[in-house]
Amino acid sequence: MTHYAFEPSSKNKFWDMHLNLGIPMRGNTFNESWRRYSKYIDSNLFRPWSPGGRIINDYKGYDIYFVDGNLRHLSSKFDADISYQMTDDINEINFPDNLLDSYPMGVLSLSGLRSELEIDVKSNSNHELHIKLDDKEFASSSFIHINVGENSKINIVWHLDSLESSFSLPFIVMNLEKNAKASNSFLYTVDSSSSNFPTVFYNLKDGASVYSHNSVNSSGYFRKDMFSYIDGSGCNFADESISLFGDGFGEIINHIEHSKPESKSIQNVRTLAYGGGVGSWQGMAKVYENCENTDAEQNHKGLILSPDAKIHMKPQLEILTDDVVCGHGASLGRLDDESIQYMMSRGIKKELAKKMLVEAFINASFSEVNLSELIEVSISDNINKVLNLIEE
Amino acid sequence: MLKIENLTVDVFGKRVLEHFSLEIPNGEVHALMGPNGVGKSTLANVLTGKPDYEVISGSVQIDGKDILELEPFERSSAGLFVAFQTPVEIPGVAYQTFLKHCLNSKQRQLGEEEFTAAEIVKKIKATSSQLGISNEMLKRGVNVGYSGGEKKRAEILQMLLLEPKFAILDETDSGLDVDALKVVSNGVNSLKSDKNSFLVITHFPRVLEYIQPDYVHIIKNGCIVKTGGPELALEVEKTGYGEF
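About the thresholds
- Residues numbered from 1 in each chain as written.
- Chains lettered and ligands numbered in written order.
- Predicted model: local features only at pLDDT ≥ 70, side-chain atom pairs only at ≥ 80, totals over all residues.
- Heavy atoms only, no water.
- Helix = DSSP H or I, 4+ residues; strand = E, 2+ residues; numbered from the N terminus.
- Rg over C-alpha atoms; globule rule 2.2 N^0.38 Å.
- Buried < 20%, exposed > 50% of the residue type's maximum accessible area, 1.4 Å probe, protein only.
- Contact = heavy atoms within 4.5 Å.
- Lys, Arg positive; Asp, Glu negative; His and termini not counted.
- Charge placed at Lys NZ, Arg CZ, Asp CG, Glu CD.
- Areas by Shrake-Rupley, 256 points an atom, 1.4 Å probe, with all protein chains shown as cover.
- Buried area = accessible area lost by both parts, 1.4 Å probe.
- Salt bridge = Lys/Arg side-chain N within 4 Å of Asp/Glu carboxyl O.
- Polar contact = N/O pair within 3.5 Å; in protein donor to acceptor, adjacent residues only side chain to side chain.
- Patch = residues over 30% accessible without salt bridge, like charges linked within 9 Å, V, L, I, M, F, W, Y side chains within 5 Å.
- Pairing = 2+ DSSP bridges.
- Axes fitted to C-alpha atoms, helices over the stretch in contact; angles between N-to-C directions.
- Phe/Tyr/Trp six-rings, centres within 6.5 Å; stacked < 30°, edge-to-face > 60°.
- Lys NZ or Arg CZ within 6 Å of the ring centre and 35° of its normal.

**Q** Residue-level account of the overall build of chain B, with values.
**A** Across its full length, chain B carries nine helices and 12 strands. Its C-alpha radius of gyration of 18 Å places chain B within 12% of the 18 Å reference for a compact globule of 244 residues. Based on the C-alpha atoms only, the size of chain B along its principal axes is roughly 55 × 40 × 35 Å. Residue burial in chain B is summarised as follows: out of 244 residues, 52% are buried. Of the contacts formed within chain B by residues at least 6 apart in sequence, a portion of 69% connects residues at least 24 apart. When the 26 basic and 33 acidic side-chain charges of chain B are each reduced to a single mean position, those positions are 5 Å apart.

This is the structure in structure tokens:
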């Protein structure tokens with residue numbers, strides 16, 4: 001199995017931030033760091049994996065692979081020769097040959113405390129995948145590592161909408177090799193009695209591109225950290241987030257680093273707060289030396305839907321190269337009374353007018369990206385779920 | 001039929017209409033003329049229920065129903081329509097989507113079945129082509145990036161689709177070239193029937209060459225000071241508003 005180097009240099013300060021969370025991220029490779037961390041964990045917590053592996057056919061036309069049990073390491077190559085391999089002291093389990101050839105689109109339904117899932121997407125391949133973390137144990141301190149090989153494309157819908165446990169930490173790391181493409185659609189739902197801290201890392205090589213869409217609905221405590229390291233030229237990185245914060249507190253932290261020239265990144269964030277909800281966004285685009293023609297943009301818009309709601313915004317740029325195009329914008333407002341009045345004068349009820357304006361706020365400003373049908377449908381579903389929560 | 005009786009209105013403590021009375025039977029077009037700042041647009045805004053306009057006294061009825069007691073959206077379904085002088089821009093709400101909501105909101109209020117998407121598209125296309133409104137314009141945000149003339153056409157399109165019992169055209173002629181004025185006027189004239197009535201608010205008599213009024217009223221200091229036939233508009237053209 002190929003291990004993709006994820007070597008933070010001394011200038012990658014965000015790894016230090018990660019260390020503050022108690023996760024040893026420095027090391028020769030990201031994977032090895034995790035292994036060391038895994039050994040640190042009391043081995044009694046691991047139970048033998050019960051293979052299960054059953055397939056059912058009633059999930060929106062997708063086949064579901066239940067990975068049942070607590071895994072220390074799971075590796076699935078997106079190849080004709082599929083093997084889910086356990087490491088060290090746990091037995092190796094082989095799935096039937098050509099499994100993913102027969103079922104090229106699937107749902108991985110994962111469970112298990114402090115599990116590790118590693119997915120290698122072989123070069124020059126194209127995949128769509130649902131990953132469903134519907135077991136709160138899996139979400140806690142588990143780790144998903146996805147290596148996307150050269151010229152490959154993967155579209156993933158992450159189902160994180162039933163993470164109800166507190167202090168859940170699903171770490172997701174995606175390494176993209178040369179000219180690899182990835183689209184991710186995340187949906188997070190956090191209820192009022194929960195806290196959730198998902199963290200996503202991206203590492204892009206030359207010509208790689210990422211489109212990441214996040215829909216968040218939280219009335220508890222939510223914090224999402226996203227660290228992206230653009231370690232190649234000709235890369236495109238786009239992160240788009242829609243967050244709706246109710247009576248709880250929500251934070252979105254986007255940190256993007258450009259270490260090579262000629263790459264582009266955009267953070268396009270929309271935050272809505274209602275009730276006593278407080279939303280916070282911190283964006284950072286850092287451009288290192290010798291990164292000419294970098295284009296890094298941050299765009300945040302906030303919409304406050306009730307008198308007690310608050311939104312904090314902090315766009316930041318740190319630029320160490322002269323010849324770059326970088327910009328940031330942040331604005332905050334309420335629903336426009338004149339627009340509501342105008343719509344009402346045409347027979348539209350106030351509640352519907354508000355909903356239309358919220359939808360417009362969300363839809364008006366996202367960049368036009370060619371997405372797969374899977375991702376587009378998922379985003380549309382996510383947005384509708386958020387819209388349906390707007391108080392009438 | 002519109003009936004306004006002794007309407008007195010304050011805006012931020014300042015009196016803008018005082019004992020204003022006007023009656024427009026079905027099948028008639030009336031024009032309301034006057035210089036700037038005498039209360040013409042105030043009348044339109046009060047009737048739509050804008051919140052800053054405080055009705056001190058009086059009543060406004062459409063077909064015998066007092067609309068001042070109604071919510072703004074209910075006034076629309078009671079048959080009121082105002083083509084605004086400067087309609088707001090609503091980025092992100094496609095004009096066609098907006099029209100769909102307008103039409104189906106009216107259907108719901110009337111207790112009738114909503115239109116299907118296909119029916120709505122058909123209705124919109126038939127009417128928009130009459131006004132020279134392009135498909136591209138229908139896809140844009142409501143009034144976003146529209147020229148002055150396009151905004152006025154868009155207002156008339158809404159009016160034709162909603163088929164109100166009583167419509168106010170608030171300086172719909174302002175900013176229109178002659179050709180656009182003809183298109184807009186033709187749209188208004190096509191809706192005229194013995195079941196509805198219109199009030200054309202304007203500074204200038206030119207629009208009244210295309211939308212023939214039955215009566216012309218001159219407003220000053222918040223109330224009507226003179227009423228006459230179409231010849232009154234020509235008199236204004238010659239002498240201005242000074243003598244009223």
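There is more to say, and it comes next.
**Q** How would you explain the overall build of chain A if you had to name every residue and give the values?
**A** For chain A, the count of helices and strands is seven helices and 21 strands. Taking the contacts inside chain A whose residues are at least 6 apart along the sequence as the reference set, 80% of them involve residues at least 24 apart. Here chain A displays about 15,600 Å² of accessible surface, and carbon together with sulfur accounts for 45% of that area.

**Q** Go over the interface of chain A and chain B, please, and point to the residues and values.
**A** Between chain A and chain B, the contact holds 16 residues from the first and 30 residues from the second. At the boundary of chain A with chain B, total buried surface from both sides reaches about 1,800 Å², with 68% on carbon and sulfur atoms. When residues of chain A are sorted by the area they lose upon contact with chain B, Gln341(A), Tyr342(A) and Arg346(A) head the list and together hold 39% of the total. Linking chain A with chain B are one salt bridge, by the criterion used here. Residue Arg346(A) is joined to Glu155(B) by a salt bridge in which the shortest nitrogen-to-oxygen separation is 2.7 Å. For the pair chain A and chain B, the number of links is nine residue pairs in polar contact (both at pLDDT 80 or more). Only α5 (337-344) and α6 (350-363) of chain A provide two or more residues apiece to the side of chain A that touches chain B.

**Q** Help me get a handle on a negative patch on the surface, residues and values and all.
**A** A cluster of like negative charges, contributed by Glu262(A), Glu292(A), Asp322(A) and Asp323(A), occupies part of the molecular surface. Residue position: Asp322(A) is located in the loop between β20 (310-319) and β21 (325-334).

**Q** Break down the sheet that holds strand β4 (residues 53-62) of chain B for me, with residues and values.
**A** Residues and elements named next belong to chain B. A sheet is described by the order of its strands in space; here four strands give the open sequence β2-β1-β4-β5, paired in antiparallel fashion. Both edges of this open sheet fall to β2 (14-24) and β5 (65-66), since each of them pairs with a single strand only. Pairing of β4 with β5, which is carried by two bridges, proceeds in the antiparallel orientation. Looking at β5, one finds that Ile-62 is bridged to Lys-65. In the packing of helix α1 (residues 40-48) onto the sheet, contacts are made with β1 (2-11), β2 and β4, and the angle to β1 comes to roughly 100°.

**Q** An account of the packing of aromatic side chains is requested, with residue identities and associated values reported.
**A** All chains considered together, the criterion is met by seven aromatic pairs over all chains. Both rings, one in Tyr342(A) and one in Phe98(B), keep their centres 5.8 Å apart while their planes meet at 15°; by these two values the pair is stacked. With Tyr342(A) in helix α5 and Phe98(B) in helix α3 (residues 95-109), the pair connects residues from two separate chains. What makes Tyr342(A) buried here is its relative accessible area of 4%. Members of the aromatic cluster, joined through ring pairs, are Tyr342(A), Phe84(B), Tyr95(B), Phe98(B) and Tyr146(B). A cation sits over an aromatic face here: Lys224(A) above Phe186(A), 4.4 Å from the ring centre.

**Q** An account of the sheet that holds strand β10 (residues 197-202) of chain B is needed here, citing residue identities and associated values.
**A** Residues and elements named next belong to chain B. Strand order in the open sheet made by the six strands is β6-β9-β10-β3-β11-β12, with mixed pairing throughout. The open sheet is flanked by β6 (80-83) and β12 (223-228), the only strands paired with a single partner. Across the sheet, the mean angle from the axis of one strand to that of its neighbour is 20°, orientation sign disregarded. When strand β3 (residues 29-33) meets β10, the two strands line up parallel, connected through five bridges. Its bridge partner lying in β10, Val-29 is registered against Phe-198. On the sheet, helix α9 (residues 231-239) packs against β3, β11 (215-220) and β12 and is oriented at approximately 110° with respect to β12.

**Q** How would you summarise the pairing of strand β19 (residues 295-304) of chain A if you had to cite specific residues and measurements?
**A** Look at any regular strand and the pattern is simple: side chains alternate between the two faces of the sheet. Residue and element names in this part refer to chain A. When you tally the buried positions in β19, you get seven out of 10 residues, the bulk of the element. Direction of pairing for strand β17 (residues 264-273) relative to β19: parallel, over a ladder of 10 bridges. From the neighbouring strand, Gln-267 faces β19, where its bridge partner is Gln-298. Summarising the sheet, β19 and β21 pair through 10 bridges and their orientation is parallel. Bridge assignment links Ala-296 to a residue of β21, and that residue is Cys-326.

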